[in-house]
Structures are given as C-alpha cells and as structure tokens.
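Topology and contacts: notes
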Amino acid sequence: GDVAKAHGMTPSALYRLATGPSPQPGHGMGQGGSGGGQGFGRMTLREVCIQKGIDLDVALGKLAAANIQAAPETTLRDIAYANDMKPPELLEMIAN
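Reference entry: report on the structure contained in this document. Because the structure is predicted, anything quoted here is derived from the model rather than measured.

1. Let's talk about the overall build of the protein chain
A tally of helices and strands in the protein chain yields six helices and zero strands. Listing the helices and strands of the protein chain from first to last along the sequence gives α-α-α-α-α-α. Going through the 96 residues of the protein chain one by one, you find that 31% of them count as buried. Within the protein chain, counting contacts between residues at least 6 apart in sequence, those at least 24 apart form 59% of the total.

Laid out in structure tokens, this is it:
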C-alpha cells in the first residue's frame, strides 16, 4: 500500500505492473479484434496527453475527481484495469 501510494498507484495496479499482464486469449500482438483500439493502452498517461493535446494536470484532476489514482508514467491500461475500466473508457473520461 505505501509503495503504491508513493507512486500514485493503487496496490492492484502496482501488482499488475510488477507481475506483468496475465495471458488472455485474443490479447496477443497482431490479434485483430472488433475493438477500436488505437494502442493508447500501452502508452503512459503523459504520452497520451501529449499526443491528444490534453493538459496533464487537467487529466489528473478529472481522474482524481472520479476517485481514480494515477501517475503520469503509468500506462492507460494499468490505470484502467485497476479501476475496472477499459483504456478507451479512460481516454474518453480525460478527453472530454
């Protein structure tokens, strides 16, 4: 808990970061899908904000208002999954 808090993460996000993603069918590289994924899940919150032209502090504020702990260097996927969301849902939250 203390290490996760020091890095602006939830304990479950830190655990997932430390252990790596669990293998799931259909989630390998090169696997197409019906989702409109644009690869943002693999990017850090900072990288997504830069690419989308979103102010990082504003994005962090929106997440904090939704009780979502996030650090700029954490991937969108880790932030989303730690909060029972999908990366596109998280992106929509910070972009609007």
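Next comes the rest of the account.
2. Side note on the packing of helix H3 (residues 45-52) against helix H4 (residues 56-65)
Two elements in contact, H3 and H4, have axes separated by 9 Å at closest approach and are oriented at 120°. Relative to H4, the element H3 lies oblique. Seen along the crossing, H3 lies across H4 with a hand that is right-handed. Contacts from Leu45, Arg46 and Cys49 in H3 reach Leu56, Ala59, Leu60 and Leu63 in H4. Residues that form the contact of H3 with H4 fall into these classes: six nonpolar, no polar and one charged.

3. Some words on the pattern of salt bridges
The full count for this structure, using the stated rule, is one salt bridge. Across the pair Glu73 and Arg46 runs a salt bridge whose closest N-O atoms are separated by 2.4 Å. Taken together, the positions of Glu73 in the loop between H4 and helix H5 (76-82) and Arg46 in helix H3 put the pair 27 residues apart, joining distant regions of the chain. Of the residues examined, Arg46 reaches a relative accessible area of 36% and is grouped as partly exposed.

4. Description of the nonpolar core
Within the largest apolar cluster, 18 residues are counted, with the highest numbers of intra-cluster contacts made by Leu45, Val48, Leu63, Leu76, Leu90 and Ile94. Excluding its chain neighbours within four sequence positions, the residues that come into contact with Ile94 are Leu45, Val48, Ile54, Ala59, Lys62 and Leu63.

5. Some points on unusual backbone geometry
Despite not being glycine, Asn67 shows a phi value in the positive range, around 60°. Although it is not a glycine, Asp84 adopts a positive phi angle of roughly 55°. Locating Asp84 in the fold gives a position in the loop between H5 and helix H6 (87-95).

Rules and cut-offs
- Residues numbered from 1 in each chain as written.
- Predicted model: local features only at pLDDT ≥ 70, side-chain atom pairs only at ≥ 80, totals over all residues.
- Heavy atoms only, no water.
- Helix = DSSP H or I, 4+ residues; strand = E, 2+ residues; numbered from the N terminus.
- Buried < 20%, exposed > 50% of the residue type's maximum accessible area, 1.4 Å probe, protein only.
- Contact = heavy atoms within 4.5 Å.
- Axes fitted to C-alpha atoms, helices over the stretch in contact; angles between N-to-C directions.
- Parallel < 35°, antiparallel > 145°, perpendicular 65-115°, else oblique.
- Left-handed = near helix turned anticlockwise from the far one by under 90°.
- Nonpolar A, V, L, I, M, F, W, Y, C, P; charged D, E, K, R; others polar.
- Salt bridge = Lys/Arg side-chain N within 4 Å of Asp/Glu carboxyl O.
- Core = buried A, V, L, I, M, F, W, Y, C linked by side-chain atoms within 4.5 Å.

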